[in-house]
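Analysis of the macromolecular model
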Amino acid sequence: MSYPDPEFESPERRSARRGPLPVALAALVPGALLGWMMYEAVGGGGSGVSPRAGVPASAFSRTSAAASSPVRSASAPSFASPGDDAKGAAGAGSGPLAGKVIVIDPGHNQGNFQHPAEINRQVDIGTNWKECDAIGTSTKAGYTEADFTLDVAHRLGTLLERQGATVKLTRDGDAPPWGPCVTERAQIGNEAHADAAISIHADDSAEGDRGFHVILPGTVHAGAADTRPIVGPSRDLGARVAGFFLRETREPPSNYVGEGTGLVTRTDLGGLNLSTVPKVFIECGNMRDSKDSALLAHGAWRQKAAQGLFEGIADFLNR
């Protein structure tokens, strides 16, 4: 994802810098500062960071989602991790996150490029009208954002289910064949009465632009959009996700948006504007930067990313 909308003024881009994590983020999540110091100690990270033991990526059972018509139900594909019969006490319905519902929104869709008419139709996001969805970006080697986001979503879903949570995805496998629209992605979380929702992305920026940032909903009260009830809890969720993501991945906060905090507020995203549940987006890194792309394409690093997202969400739900 990037900042292509002419109606949205992107945060000031800043040159890459090295130094301690700003006090703002460290104060929100004390563990984040330790993560930043660890990052500095290894000389800025890289694909050679030894992976933390985690949940391996594997097959997921999928259910049929919405049809390919532009007007569709917003029902979410059910998420089922492998080995359901063997999960025992760690399965959904038991564990510290039992009773909690989390909606994971893997950004974009591998089939979007085959459905230009559908994804380019305009939808109402409250503040304005914009495209239903977008193709997304890719690394220079061709690893797509849509593949990346779904992989991390699967890893995150497994971690959450092992703690007893109910997990719903906005898309999975080839269902739906395109989209869903940003309006539907928000609706899925709303209809699930999710305790937390997260949309996973990777950015499309210039070489040398590095790092992650979490996008928070700004205050919007226009048309069908009213974010006022969720701005506070979403900021709490986002700060925790940012802190734990930094600690687990050692990926630095963005050096080009967010002024080094890893947090950005936007009011031009339908997935946030139309949400009625606590929700954030995360740009896990910049796919067009050679250093970030090497990490994003590495399975062990994606497991770390999922672990950071999991810990941030769990910390929010257990607050």
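Everything discussed here concerns the structure shown above.
Procedures and definitions
- Residues numbered from 1 in each chain as written.
- Predicted model: local features only at pLDDT ≥ 70, side-chain atom pairs only at ≥ 80, totals over all residues.
- Heavy atoms only, no water.
- Buried < 20%, exposed > 50% of the residue type's maximum accessible area, 1.4 Å probe, protein only.
- Helix = DSSP H or I, 4+ residues; strand = E, 2+ residues; numbered from the N terminus.
- Pairing = 2+ DSSP bridges.
- Disulfide = S-S within 2.5 Å.

**Section: the pairing of strand β10 (residues 279-286)**
- Counting buried residues in β10 gives 8 out of 8 residues, a clear majority hidden from the surface.
- As judged from the 6 bridges shared by strand β5 (residues 196-203) and β10, these two strands associate in the parallel manner. Counted as the bridge partner of Ala 197 is Lys 279 from β10.

**Looking at the state of the cysteines**
- Counted under the stated rule, the structure contains 1 disulfide.
- Here Cys 132 pairs with Cys 181 through a disulfide, and the sulfurs are 2.0 Å apart. Where Cys 132 bonds to Cys 181 through sulfur, the torsion about that S-S bond is close to -95°, and the disulfide is left-handed. Taken together, the residues span a long stretch of sequence, with Cys 132 in the loop between β3 (129-131) and α4 (145-162) and Cys 181 in the loop between β4 (166-169) and α5 (182-191) at a distance of 49 residues. Of the two residues, Cys 132 and Cys 181, neither departs from the other in class, the shared state being buried.

**Thoughts on unusual backbone geometry**
- Look at the link from Ala 175 to Pro 176: it is a cis peptide, with omega at -5°.
- Here Pro 176 shows up in the loop between β4 and α5.
- Cis geometry is adopted by the peptide bond preceding Pro 180, which originates at Gly 179 and carries an omega value of 5°.
- Position of Pro 180 relative to the elements: it lies in the loop between β4 and α5.
- The backbone of His 193 shows a phi angle near 50°, a positive value even though the residue is not glycine.
- On the secondary structure map, His 193 appears in the loop between α5 and β5.
- Even without being a glycine, Arg 250 presents a positive backbone phi close to 65°.
- With respect to the helices and strands, the residue Arg 250 is situated in the loop between α6 (231-249) and β9 (263-266).

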